[in-house]
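So you can see what is in the structure, the chains are spelled out below.
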Amino acid sequence: MTLGTLVSFLQFSRSFNQPISQLSQQLNSIIMAIAGAERIFGLLDEEPEKDGGYVKLVNARYDEKGNLTEVPDRTGMWTWKHYHKADNTTTYQPMQGDVVFGHVDFGYTEDKEILHDIEIFAKPGQKVAFVGATGAGKTTITNLINRFYDVQDGKIRYDGININKIRKDDLRHSLGLVLQDTHLFTGTVMDNIRYGKLDAAEEEVIQAAKLANAHEFIMKLPDGYQTELKGSGNSLSQGQRQLMAIARVAVADPPVLILDEATSSIDTRTEKIV
Ligand SMILES: Nc1ncnc2c1ncn2[C@@H]1O[C@H](COP(=O)(O)OP(=O)(O)OP(=O)(O)O)[C@@H](O)[C@H]1O
Ligand SMILES: [Mg+2]
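Definitions and cut-offs
Residues numbered from 1 in each chain as written. Chains lettered and ligands numbered in written order. Predicted model: local features only at pLDDT ≥ 70, side-chain atom pairs only at ≥ 80, totals over all residues. Heavy atoms only, no water. Near = heavy atom within 4 Å. Polar contact = N/O pair within 3.5 Å; in protein donor to acceptor, adjacent residues only side chain to side chain. Areas by Shrake-Rupley, 256 points an atom, 1.4 Å probe, with all protein chains shown as cover. Nonpolar A, V, L, I, M, F, W, Y, C, P; charged D, E, K, R; others polar. Pairing = 2+ DSSP bridges. Helix = DSSP H or I, 4+ residues; strand = E, 2+ residues; numbered from the N terminus. Domains from an automatic or database assignment. Contact = heavy atoms within 4.5 Å. Buried area = accessible area lost by both parts, 1.4 Å probe. Salt bridge = Lys/Arg side-chain N within 4 Å of Asp/Glu carboxyl O.

A. Structural detail: the site of ligand 1. Ligand 1 sits among 13 residues. The nearest are Gly-135, Gly-137, Lys-138, Thr-139 and Thr-140. Contact distances for ligand 1 include 2.6 Å between an oxygen atom and a side-chain N or O atom of Thr-139. Its free accessible area being 630 Å², ligand 1 has 62% of it covered by the protein chains. Of the residues belonging to the shell around ligand 1, the class tally is 5 nonpolar, 5 polar and 3 charged.

Here's what the structure looks like:
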């Protein structure tokens, strides 16, 4: 073989290989794109949560005659609005926050029952605590009140109304939930607390932060309430994040408050104050 033949052989083989390797690289990105698209369309095709509830939660006020009437603005007085199809009438019932579980059975899967014949109640103004072993079903009970899952047997009543009849949106509006792990958004401390009530004035936010005992540490941040939080608030300690979550629910001021190990990272002295 002459040198000239060798050089041209190498050159030809390179120009033959190049498109093949390019093709396989592009095939790779196409396959990755298909896998991504599958997930996106999977999410788009997700069925919306079914909601057969018709009892709504509205703001109300007593008029001159002492009747409850619905008003559009926030009065701090919540009322259940029942629409009765049979005789086409609407009745109002003040919300109180009375939760009753009656003979509730529940399991995440058919074959494994987690809660069996549970009977518990919380009267308005009452504080109820669940103590139990890990995996006993404490979080499960809170998931049922929110209707993240439906009970298999028995009934949950909220102010005497079966929660299946309450619109999910309204039901969840009436419950404040603070979990062990809190999610903070990119934005200022003020905005993060305001997520509890989007139209809250600055004073309301500060008041809520004081209630949650978060005001003190917030004032020590570089820009106070205007400090920008990034990356889910990882510049704050775990406990400080939990105090923010409590402030968030305090500004919403819901009639029923559910705390699921919400103070697990807060020191005992601060926890007591909260
Ligand atoms: N999404 C789920 N799917 C299936 N099983 C679940 C699910 N969530 C919880 N479980 C099971 O339900 C049982 C009760 O769980 P739950 O989270 O209510 O316990 P817990 O009392 O809150 O415990 P902990 O004190 O650890 O928070 C556990 O045995 C758990 O394995
Ligand atoms: Mg739990």
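B. Spotlight on the pairing of strand 1 (residues 56-62). Pairing of strand 1 with strand 3 (residues 78-84) involves 4 bridges; the strand directions are antiparallel. Considered in strand 3, the bridge of Asn-59 is made with Trp-78. In the sheet, strand 1 pairs with strand 2 (residues 68-70) via 3 bridges, with the strands oriented antiparallel. Residue pairing in the sheet places Ala-60 in a bridge with Glu-70 of strand 2. Between strand 1 and strand 2, which pair antiparallel one after the other, the connecting turn spans 5 residues, and Gly-66 there sits at a positive phi close to 85°.

C. Highlighting the domain arrangement of the chain. Parsing the chain into structural domains produces domain 1 (56-94), domain 2 (99-172) and domain 3 (178-273). Here the C-alpha centroids of domain 1 and domain 2 sit 26 Å apart. In this assembly, 6 residues from domain 1 lie in contact with 6 residues from domain 2. Taking both partners together, domain 1 and domain 2 bury about 560 Å²; carbon and sulfur atoms supply 62% of that area. The largest share of the area that domain 1 buries against domain 2 comes from Lys-56, Leu-57 and Trp-80, three residues that together contribute 76% of it. The tally of links from domain 1 across to domain 2 stands at 0 salt bridges. Joining domain 1 to domain 2, the criterion identifies 3 residue pairs in polar contact (both at pLDDT 80 or more). Broken down by secondary-structure element, the contributors of at least two residues to the side of domain 1 that touches domain 2 are strand 1, strand 3 and strand 4 (89-94).

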